[in-house]
Amino acid sequence: PQALASIGIGMSNIAAVVTDAKPNTSFIFYASNDFNIAFGKFTQGEVIDASSVENVAHFNFPTNVYKIKATLNQDNKWSFEIDS
C-alpha cells in the first residue's frame, strides 16, 4: 500500500526531501552544496517558493567547508564568511 513507508534525506536532523518508498524501486538523491537564504517569518517545515520571497541570497559551500556564517546587514544585503 502507498504511504506506509518513506525515504529521503535530511539536514540538521530535519527531513529536507521525502517521498513514498515503493517495493523493488531504487531511489537516487543528488546532494547539492548550493543554497539560498532569506529573512522572513516562516513556519518550520513550510515549503517556500524562493521566487516569491524578497531578499533571497544564493551561496555555495566550497569543497571541505562545512560551516558558513551568514549575516543580514543593516542595508538588508547578505554577507557570507567561512566559519572555520
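The structure we're discussing is the one just above.
Just so it is clear, the model here is predicted, and its values are computed rather than measured.

Scoring rules and cut-offs
- Residues numbered from 1 in each chain as written.
- Predicted model: local features only at pLDDT ≥ 70, side-chain atom pairs only at ≥ 80, totals over all residues.
- Heavy atoms only, no water.
- Helix = DSSP H or I, 4+ residues; strand = E, 2+ residues; numbered from the N terminus.
- Rg over C-alpha atoms; globule rule 2.2 N^0.38 Å.
- Buried < 20%, exposed > 50% of the residue type's maximum accessible area, 1.4 Å probe, protein only.
- Contact = heavy atoms within 4.5 Å.
- Lys, Arg positive; Asp, Glu negative; His and termini not counted.
- Charge placed at Lys NZ, Arg CZ, Asp CG, Glu CD.
- Patch = residues over 30% accessible without salt bridge, like charges linked within 9 Å, V, L, I, M, F, W, Y side chains within 5 Å.
- Areas by Shrake-Rupley, 256 points an atom, 1.4 Å probe, with all protein chains shown as cover.
- Salt bridge = Lys/Arg side-chain N within 4 Å of Asp/Glu carboxyl O.
- Pairing = 2+ DSSP bridges.
- Phe/Tyr/Trp six-rings, centres within 6.5 Å; stacked < 30°, edge-to-face > 60°.

J.: Describe the overall build of the protein, with residues and values.
T.: The number of helices and strands found in the protein is 0 helices and 6 strands. Its C-alpha atoms give the protein a radius of gyration of 16 Å, clearly above 12 Å, the size a compact globule of 84 residues would have. Counting only C-alpha atoms and orienting by the principal axes, one finds that the protein spans roughly 50 × 30 × 20 Å. By the burial criterion, 7% of the 84 residues in the protein qualify as buried. If you take every contact in the protein between residues at least 6 apart in sequence, the share linking residues at least 24 apart comes to 17%. Within the protein, the 8 negative side-chain charges are centred at a point lying 4 Å from the centre of the 5 positive side-chain charges.

J.: Tell me what's going on with a nonpolar patch on the surface, and back it up with residues and numbers.
T.: Together, Ile7, Ile9, Val17 and Phe29 line one region of the surface with nonpolar side chains, adding up to about 270 Å² of accessible area. Note on placement: Val17 falls in strand β2 (residues 14-20). Judged by relative accessible area, which is 38%, Val17 ranks as partly exposed.

J.: Lay out the pairing of β2 with the relevant residues and their values.
T.: Pairing geometry for strand β1 (residues 6-11) and β2, over 6 bridges, is antiparallel. Residue Gly10 lies in a different strand from β2, and its bridge partner there is Ala15. Joining the antiparallel neighbours β1 and β2 is a turn of 2 residues, in which Ser12 adopts a positive phi near 55°.

J.: Before we move on, can you summarise the packing of aromatic side chains with the specific residues and values?
T.: Following the criterion strictly, the structure yields 4 aromatic pairs and no others. Judged by centre distance (5.9 Å) and plane angle (25°), the ring pair of Phe35 and Phe59 falls under stacked. Here Phe59 lies in strand β4 (residues 57-60) and Phe35 lies in strand β3 (residues 34-37), a separation of 24 residues in the sequence. The exposure class of Phe35 is partly exposed, given its relative accessible area of 23%. By relative accessible area, Phe59 is classed as buried at 14%.

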